[in-house]
Amino acid sequence: MPAESLFAYKDILIILGAAGLVMPLLLRFGINSILGFLIIGVLLGPHMLGALARHLPFISALTLSNAHAANGMAELGVVFLLFLIGLELSPERLRTMRRLVFGYGGLQVILSTSVLAGLAHLANYTAIQSLIIGMALALSSTAIVIQLFSDEKRLGSQAGRISFAVLLMQDLAVIPMLLLITALANPSATNMMQSLLLAAGQALLAGAAIVLVGRYALRPILRFVAATKSPDLFMAIVLFIAMGTGAAATLAGLSMSLGAFIAGIMLAETEYRRAIETTIEPFKGLLLGLFFLLVGLNLDLALLVKMPWQILGALLAIILTKMAIMMGLAELYRLPRQSAFEAAMLMGPGGEFAFVLLASATASGLFAPAATGPILLIVSLGMVALPLLARLAKTLRTKLKAANKLDIRMMQSPPAQDEAHVIVAGFGRVGSLVTTLLEEQNVPYLAVDTDINNVSPARNRGQKVYYGDATNAAFLEACGIDKAKCLAITMDNPAQVDEILKLARAKRPDLKIIARARDERHAMRLYQAGVTEAVPETIEASLQLGEAVLVETGVPMGLAIAAVHERRDGFRKLLGRPNRRDEVAKARSRLKGKK
């Protein structure tokens, strides 16, 4: 083969060599894979080995000669990442997260864009440029943050859920941002509105088409291919679905990654979900690494040497501004401060979509080619700093956990319980009503909550309410779960309800546990996990409404109550509530096994 032909494969060989040979070495030194690819990109870039190659020509064999040719492959890494994120969701789960995604996440995007745009305007950018810079810097790195939580298997933690909700809203916001940039490039106000409306219509039609195809066509296609029992063919169709939906979305004016994300959601509830994840994961890891390698490659380190304090000062200001906004919103939404602070630290730096927005703005003529250099450098340095911020967050989390364990009995810890009592986990609206009923019937109880704003007023009224986290096994023991008569879990967070049920059932197989359920699906899951009684919010509200309607329409009170009770028993059987005799027998056998 001629040397010229071999030269065409040079960039691919360098990328594969970096992934297969250099990355294991960096990982051995404890360097995160994403940070490792960024470091490799910097080393292979024009400011390191590229600069040396001008004096030592033989080094040019180790530098990437056509980085732009790899941009398409690098973009696929982000596409596959969002496809996998979509697989982790489902329409039902997305509905349950709507408060965090569209409320908390939506306000974060709007407020961060506004404040950062104002700061950019103070730095002498034009109004339009400031708006675009504000939008770009308001976004965080979905790829790195999700990867960091996944590596620690903490995506389901409170900090992970908060981060995921904000990142999801940011990814959704990229599409209207791109549409706005296209409209801003047109000086005519009339044409701008027409362009926006036309683009929005195209986006809605494209999204609806992907949803319809995903709901009615993807499962039969996968069933047809899976019937061949060929892993190679299954891999081919999975890659086609991920890339094909992305390409279709691009043709309709959406981002490729959003199309793949919608397709992932459509496949989330199918029987092929796990097999698809296994197929995509290796491609996602390598191509995402290539994306960050190219980010490192494009870092203009000369700017950092030329104006270090301005660049680093701007980066710190952006991180602190976004953190302050997120912590303020966390107080508004009553999110746990420790988890919100960890999420805010990781949301502070910019993300990969900043490159997409700024590239689109530059191509539209809103920026000179060199004008975005400092902004891109700030975003890149923030992404480089993310693994370090994650380590700092982990250190703080570990210290706070240790402090919490030491201080459990110091922070108004529940006193030792000598009598059978009811533990009420959660003292919000539902929990406070439960304790009021217990007080009226002289039933001893002990209530706990993590929100000091709920605890302090109740303590001032003389109620037995204590500050603490019921998802902590040591705290449950301090609450006297060994002697408790009953546990009532009243929180509105399904993940916390599940965790407390798991801990309590492991400690006391015979304990009566009544739990608040989000809906019938959640109630079924709770019954399977061993709850004594699950109370679905949606069903109970419907039954109470139905009882009121019957009484007001002339049905005697006794008949109305009897009808509602009969319907409630029917729901319990439908949800899989176990027979009480079977339940007691199972509890006794578990206790004998423990002894």
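The structure we're discussing is the one just above.
Structural notes, computed from the coordinates. (Residues numbered from 1 in each chain as written. Predicted model: local features only at pLDDT ≥ 70, side-chain atom pairs only at ≥ 80, totals over all residues. Heavy atoms only, no water.)

1. What about the pairing of strand E1 (residues 422-425)?
In plain terms, the rule: Only protein chains enter the accessibility calculation, which uses a 1.4 Å probe; a residue is then buried when its area is under 20% of its type maximum, exposed when over 50%, and partly exposed in between. Helix and strand labels come from DSSP, where a helix needs a run of H or I of at least four residues and a strand needs a run of E of at least two; each type is numbered from the N terminus. Note on handedness: a clockwise path from strand one over the helix to strand two, with the strands aimed away from the viewer, defines a right-handed crossover. For two strands to be treated as a pair, DSSP must find at least two bridges joining them.
Judged by which residues are buried, E1 turns out to be covered on both faces: Val422 and Val424 on one side and Ile423 and Ala425 on the other are all buried. Where the polypeptide runs from E1 across helix H21 (residues 429-440) and back to strand E2 (residues 445-449), its parallel neighbour, the crossover connection is right-handed. Pairing of E1 with strand E4 (residues 486-489), which is carried by four bridges, proceeds in the parallel orientation. Across the sheet, the residue bridging to Val424 is Ala488, located in E4.

2. So, the packing of helix H9 (residues 142-151) against helix H15 (residues 273-297)
Defined as follows: For helices, the fitted line uses only the C-alpha atoms of the stretch in contact; every axis is such a line through C-alpha atoms, and the angle between N-to-C directions lies from 0 to 180 degrees. Working definition: roughly parallel below 35 degrees, roughly antiparallel above 145 degrees, roughly perpendicular at 65 to 115 degrees, and oblique for all remaining angles. Two helices that cross are described as forming a left-handed crossing if the nearer one is turned anticlockwise from the farther one by less than a right angle, and a right-handed crossing if clockwise. In what follows, residue pairs with any heavy atoms lying within 4.5 Å of each other are defined as contacts. Think of it as three bins: nonpolar holds Ala, Val, Leu, Ile, Met, Phe, Trp, Tyr, Cys and Pro, charged holds Asp, Glu, Lys and Arg, and polar takes everything else, Gly as well.
Packing of H9 against H15 brings their axes to within 11 Å, and their N-to-C directions diverge by 130 degrees. By the angle class used here, H9 and H15 are oblique. H9 and H15 meet at a crossing whose hand is left-handed. Each of Ala143, Ile144 and Gln147 in H9 lies in contact with H15, whose residues at this interface are Lys284, Leu288 and Phe292. Here the residues of the contact of H9 with H15 sort into four nonpolar, one polar and one charged.

3. A look at the packing of aromatic side chains
Basically, it comes down to this: When the centres of two rings from Phe, Tyr and Trp lie within 6.5 Å, Trp using its six-membered ring, the rings pair. Their planes under 30 degrees apart give stacked, over 60 give edge-to-face, and anything left gives tilted.
Counting across every chain of the model gives one aromatic pair. Ring plane angle 70 degrees and centroid distance 5.9 Å describe the contact between Tyr104 and Tyr333, whose orientation is recorded as edge-to-face. Of this pair, Tyr104 sits in helix H7 (residues 98-122) while Tyr333 sits in the loop between helix H17 (308-332) and helix H18 (337-347), and the two are 229 residues apart along the sequence. In this structure, Tyr104 and Tyr333 share a single accessibility class: buried.

4. Quick look at the nonpolar core
Applied cut-off: The definition of a nonpolar core used throughout is a set of buried Ala, Val, Leu, Ile, Met, Phe, Trp, Tyr and Cys residues joined through side-chain atoms within 4.5 Å.
Among the nonpolar cores identified, the biggest contains 103 residues, and Tyr104, Ile132, Phe292, Leu357 and Phe367 are the most heavily contacted of them. Broken down by element, this core gets its largest block of residues, 16 residues, from helix H10 (residues 158-184). For Phe292, the contacting residues outside a window of four places in its chain are Ile34, Phe37, Leu38, Ser141, Ala143, Ile144, Glu352 and Met383. Of all hydrophobic cores here, the second largest spans 27 residues; its members include Ile423, Leu487, Val497 and Ile513.

5. Describing the sheet that holds strand E5 (residues 512-517)
Strands sit in the order E3-E2-E1-E4-E5-E6 across an open sheet of six strands; the sheet is parallel. The open sheet is flanked by strand E3 (465-467) and strand E6 (533-536), the only strands paired with a single partner. Adjacent strand axes in the sheet meet at a mean angle of 20 degrees when their direction is disregarded.

6. A short note on the pattern of salt bridges
What counts is decided by this rule: Put simply, a salt bridge is a Lys or Arg side-chain nitrogen that is within 4 Å of an Asp or Glu carboxyl oxygen.
Taken as a whole and assessed by the stated rule, the structure comprises four salt bridges. For the salt bridge of Glu331 with Arg337, the shortest nitrogen-to-oxygen distance reads 2.7 Å. The salt bridge involving Glu477 is made with Lys507; its shortest N-O contact spans 3.7 Å. Linking Glu477 in helix H23 (residues 473-478) with Lys507 in helix H24 (residues 494-507), this pair joins segments that are 30 residues apart in sequence.

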